[in-house]
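Residue-level structural notes
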Amino acid sequence: MIKLDFEKLGGLVPAVVQDYQTGEVLMLAFMNEEAWRATLSSGQATYYSRSRQTLWVKGQTSGNLQLVKEIRVDCDDDTVLLKVEQLGGAACHTGYKSCFFKQIENGTVKITAKPVFDPEEVYKK
């Protein structure tokens, strides 16, 4: 079993997330050791929320789960690449398929996609 280097970033490693079929980059998140173990054992992408300081299973609230199809680790053992099946169509909490829906063009921001869901409806309290 590979041992990730969680010490370089104070207990976290970045997790780049790609659609396993298209290769599209969906999001970037962070994992602590507990999230890493949970992801490996469950097959569902689990991350560490830096703002809430807790684990979160991607899609647990929205239904937009990520099923892990492949995991790669970089040469320094301090970054992971998750290739996932994105259920529900959206990886971004703002309702977009990818968190990378903003493109810089001629010094301005251009929105390159349409939202898949309305976050106001999905994340009602």
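A short tour of the structure in this document, coming up. Keep in mind that this is a model prediction, so the values were computed, not measured.

Analysis parameters
- Residues numbered from 1 in each chain as written.
- Predicted model: local features only at pLDDT ≥ 70, side-chain atom pairs only at ≥ 80, totals over all residues.
- Heavy atoms only, no water.
- Helix = DSSP H or I, 4+ residues; strand = E, 2+ residues; numbered from the N terminus.
- Rg over C-alpha atoms; globule rule 2.2 N^0.38 Å.
- Contact = heavy atoms within 4.5 Å.
- Areas by Shrake-Rupley, 256 points an atom, 1.4 Å probe, with all protein chains shown as cover.
- Lys, Arg positive; Asp, Glu negative; His and termini not counted.
- Charge placed at Lys NZ, Arg CZ, Asp CG, Glu CD.
- Pairing = 2+ DSSP bridges.
- Axes fitted to C-alpha atoms, helices over the stretch in contact; angles between N-to-C directions.
- Buried < 20%, exposed > 50% of the residue type's maximum accessible area, 1.4 Å probe, protein only.
- Arc of directions from axis to C-beta.

**Some details on the overall build of the chain**
Regarding its fold elements, the chain presents two helices and eight strands. Across the chain, helices and strands are ordered from the amino to the carboxyl terminus as β-β-α-β-β-β-β-β-β-α. Against the 2.2 N^0.38 benchmark of 14 Å for 125 residues, the chain shows a C-alpha radius of gyration of 15 Å, consistent with a compact globule. In terms of principal-axis extent, the alpha carbons of the chain reach across some 40 × 40 × 30 Å. A fraction of 41% describes how many contacts in the chain between residues 6 or more apart in sequence connect residues 24 or more apart. Carbon and sulfur atoms make up 49% of the accessible area of the chain, which amounts to about 7,700 Å² in all. When the 15 positive and 16 negative side-chain charges of the chain are each reduced to one mean point, those points stand 5 Å apart.

**What to know about the sheet that holds strand β1 (residues 13-19)**
Pairing between the strands of a sheet comes from backbone hydrogen bonds, and it takes one of two forms, parallel or antiparallel. As summarised here, the arrangement of the four strands in space is β2-β1-β6-β5, forming an open sheet in which the pairing is mixed. With partners counted over all chains shown, the strands left at the sheet margins are β2 (25-31) and β5 (66-73), one partner each. Put simply, the sheet's adjacent strands are angled 30° from each other on average, direction ignored. One ladder, built from seven bridges, connects β5 with strand β6 (residues 80-86); its direction is antiparallel. Bridging across to β6, Arg-72 finds its partner in Leu-81.

**Some details on helix α1 (residues 33-42)**
Turning to α1, its buried residues are Ala-35, Trp-36 and Thr-39. The buried residues of α1 occupy one face: seen down the axis, they fall within an arc of 105°. Looking at the buried side of α1, the elements it contacts are β2, β3 (46-49), β4 (54-57), β5 and β6. Taken from the residues just after α1, Gly-43 is the one with a positive phi, measuring 80°.

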